[in-house]
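A look at the structure
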Amino acid sequence: MARYTRIPGSLALITLTNPPVNALSVAVRQGIIDTMSRALSDPEVKGVVLCGENRKFCGGADIREFAGPMKGPHLVPTFDSIEAAEKPVVAAIEGVALGGGLELALACHYRIAHVKARLGLPEVTLGLLPAAGGTQRLPRLIGVPAALDLITTGRHVSAQEALKLGIVDRVTDGDAREVAAELARSVSGQASRTLPPLPVLRVAHLSPFRLN
Ligand SMILES: C/C=C(\C)C(=O)SCCNC(=O)CCNC(=O)[C@H](O)C(C)(C)COP(=O)(O)OP(=O)(O)OC[C@H]1O[C@@H](n2cnc3c(N)ncnc32)[C@H](O)[C@@H]1OP(=O)(O)O
């Protein structure tokens, strides 16, 4: 599920609710779509803050659903609908943003992390790829070498390292939701921020393919 609350400053707060780590179950994916649509269609709402219940942003795909067939909305269109939003969406990352949880945060226009948060793409440790946008959005945000390091090792990074790498915009030791709301208010009315294009790697030993 995702809970929808109006908060001061003409903002909507969307809270993922799926204990213990607010994993992206079918109900959470559907909840994100429904609450985003509600926020976007309400002219009184100028921006959105996305967080997880109990100060845990999101532990990724719900591993309890791995045994059955995929139901409900897929992650890719769910995340694309956030990125395409014309109102600013700010992720308030507390606890963990792992796997699909980090991919969800990457689809938001801004990211605030609590100082104790941990972020990463551990899909490789399950024999998977971060295929819900992580392999595209992370290199666009922080460059190919740094993104490949995180994607191929699955290692977690601290909030401070995430800030240094450029994954998050700000780190706070306070309430990340409040800092995210402040940021959302300050950018509301502006065009949504977009990621830079994917950098093109030039590989020295490969010559361009020629058609004769
Ligand atoms: C495609 C694939 C995509 C898009 C993916 O996202 S793959 C999943 C990527 N996510 C992960 O691999 C995260 C796995 N979890 C962890 O690394 C850790 O559990 C944690 C860092 C999130 C928390 O660690 P810790 O505080 O030590 O606690 P536990 O490990 O004991 O976990 C607590 C309970 O949470 C349950 N849990 C954890 N992750 C998930 C999840 N992704 N889906 C569902 N449930 C999850 C875990 O099973 C524990 O449950 P209980 O045993 O307490 O019932």
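Residues numbered from 1 in each chain as written. Predicted model: local features only at pLDDT ≥ 70, side-chain atom pairs only at ≥ 80, totals over all residues. Heavy atoms only, no water.

Once that is clear, we can look at the site of the ligand. In the vicinity of the ligand there are 19 residues, among which P20, G59, A61, I63 and G100 approach most closely. G59 places a polar main-chain atom, nitrogen or oxygen, 2.9 Å from a nitrogen atom of the ligand. Take I63: an N or O atom from its main chain is 3.1 Å from a nitrogen atom of the ligand. Computed on the free molecule, the ligand has an accessible area of 980 Å², of which 57% lies beneath the protein chains in the complex. Across the shell around the ligand, the residue classes tally to ten nonpolar, four polar and five charged. (Near = heavy atom within 4 Å. Polar contact = N/O pair within 3.5 Å; in protein donor to acceptor, adjacent residues only side chain to side chain. Areas by Shrake-Rupley, 256 points an atom, 1.4 Å probe, with all protein chains shown as cover. Nonpolar A, V, L, I, M, F, W, Y, C, P; charged D, E, K, R; others polar.)

Bringing the state of the cysteines into the picture now. Among covalent bonds in proteins, the disulfide is the one between the sulfur atoms of two cysteines. Under the defined criterion, the tally for this structure stands at zero disulfides. Looking at C51, it has no disulfide partner, and the nearest cysteine sulfur is the one in C108, 11 Å off. This cysteine, C108, is not joined by any disulfide, and C58 carries the nearest cysteine sulfur, 11 Å off. The class of C108 is buried, set by a relative accessible area of 4%. (Disulfide = S-S within 2.5 Å. Buried < 20%, exposed > 50% of the residue type's maximum accessible area, 1.4 Å probe, protein only.)

Below, the discussion takes up the layout of surface pockets. Vacant regions in the atomic arrangement are exposed by a probe of water-molecule size rolled over the atoms. A volume near 760 Å³ is recorded for the largest pocket. In terms of residue class, the lining of the largest pocket is made up of 19 nonpolar, seven polar and seven charged. (1 Å grid on protein atoms, 1.4 Å probe; cavity = no way out; pocket = protein on both sides within 12 Å on 5 of 7 lines; lining within 4 Å. Points joined across faces, edges and corners; volume = space filled by probe spheres on them.)

The next point concerns helix α3 (residues 100-107). Along α3, eight of the eight residues are buried, which leaves the element largely enclosed by surrounding structure. Here α3 has its buried residues at G100, G101, L102, E103, L104, A105, L106 and A107. (Helix = DSSP H or I, 4+ residues; strand = E, 2+ residues; numbered from the N terminus.)

Time to look at the confidence of the model for the protein. Summarising the model, the protein shows a mean pLDDT of 94, and 94% of its residues fall at 70 or more. Here the predicted complex scores 0.95 on pTM and 0.98 on ipTM. (pLDDT = per-residue confidence, 0-100.)

Turning next to the pairing of strand β6 (residues 110-114). Side-chain positions along a regular strand alternate between the two faces of the sheet. The buried fraction of β6 amounts to five of the five residues, a majority that puts the element mostly inside the structure. Taking every second residue as pointing to the same face, both faces of β6 are buried, with Y110, I112 and H114 on one and R111 and A113 on the other. Alignment of strand β4 (residues 89-93) against β6, held across four bridges, turns out to be parallel. Bridge assignment links I93 to a residue of β6, and that residue is A113. As paired elements, β6 and strand β9 (residues 170-172) share three bridges and run parallel to each other. Bridge assignment links I112 to a residue of β9, and that residue is R170. (Pairing = 2+ DSSP bridges.)

Quick look at the packing of helix α1 (residues 26-41) against helix α2 (residues 75-83) now. Axis separation between α1 and α2 bottoms out at 10 Å; the angle between their running directions is 25°. In terms of their interaxial angle, α1 and α2 are classed as roughly parallel. Judged by the sense of rotation from one axis to the other, the crossing of α1 with α2 is left-handed. Contact with α1, carried on its side by R29, I32, I33 and M36, involves L75, T78 and I82 of α2 and no other residues of that element. Class assignment for the residues of the contact of α1 with α2 results in five nonpolar, one polar and one charged. (Axes fitted to C-alpha atoms, helices over the stretch in contact; angles between N-to-C directions. Parallel < 35°, antiparallel > 145°, perpendicular 65-115°, else oblique. Left-handed = near helix turned anticlockwise from the far one by under 90°. Contact = heavy atoms within 4.5 Å.)

Below, the discussion takes up the side chain of K87. Structurally, K87 can be placed in the loop between α2 and β4. It is D42 that comes nearest to the buried, bridge-free K87 among opposite-charge side chains, at 6.1 Å. A polar contact of 2.9 Å, which involves the side chain of K87, links it to the backbone oxygen of A39. Engagement of the side chain of K87 in a polar contact is seen with the backbone oxygen of V45, the distance being 2.8 Å. Look past the residues within four positions of K87 in its chain and what remains in contact with it is A39, L40, D42, P43, V45, K46, G47, H109 and S192. (Lys, Arg positive; Asp, Glu negative; His and termini not counted. Salt bridge = Lys/Arg side-chain N within 4 Å of Asp/Glu carboxyl O.)

A word on the sheet that holds β4. Hydrogen bonding along the main chain pairs the strands of a sheet, whether they run parallel or antiparallel. Read from one edge of the open sheet, six strands run β1-β2-β3-β4-β6-β9, paired in mixed fashion. In the strand order of this sheet, the two ends are held by β1 (2-7) and β9, each with one partner. In this sheet, neighbouring strand axes are inclined to one another by 25° on average, regardless of whether the strands run parallel or antiparallel.

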